[in-house]
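Chain and residue survey
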Amino acid sequence: MAKKWIQKAVRHPGALTRAAAQHGVSKKQEAAKESHSPDPHIRARGILGKRFISGDLHR
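Residues numbered from 1 in each chain as written. Predicted model: local features only at pLDDT ≥ 70, side-chain atom pairs only at ≥ 80, totals over all residues. Heavy atoms only, no water.

A few words on the environment of E30. Mapped onto the elements of the fold, E30 is located in helix α3 (residues 27–34). Not counting residues within four places of it along the chain, the set of residues in contact with E30 comprises L16, A19, A20, H23 and V25. (Helix = DSSP H or I, 4+ residues; strand = E, 2+ residues; numbered from the N terminus. Contact = heavy atoms within 4.5 Å.)

And the structure:
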């Protein structure tokens, strides 16, 4: 298995960072807010962002 397999799995890299910058909050705060969104695409981005930030990719 390739060492950087997750880079190919992420469809929109940097989307969480861009959203956090637009709202003027940290990436962790943005991920926490997005993980409770009614929109399933935004909710998925928030949950995945929380996993990346915590370093636990195998949950």
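Looking at where Q22 falls in the secondary structure, it is placed in helix α2 (residues 15–23). A C-alpha to C-alpha distance of 24 Å links Q22 and A9, two positions 13 residues apart in sequence.

With that settled, consider the pattern of salt bridges. Considering all chains together, one arrives at 2 salt bridges under this definition. With a shortest N-O distance of 3.8 Å, K33 and E30 are connected by a salt bridge. Residue K33 and its partner E30 are located together in helix α3, separated by 3 residues, close to a single helical turn. On the basis of relative accessible area, K33 is assigned to the partly exposed category, the value being 49%. Here R45 and E34 are joined by a salt bridge, their closest N and O atoms 2.7 Å apart. With a gap of 11 residues between them, R45 in helix α4 (residues 40–54) and E34 in helix α3 connect regions that are remote in the sequence. Here E34 falls in the buried class, since its relative accessible area comes to 4%. (Salt bridge = Lys/Arg side-chain N within 4 Å of Asp/Glu carboxyl O. Buried < 20%, exposed > 50% of the residue type's maximum accessible area, 1.4 Å probe, protein only.)

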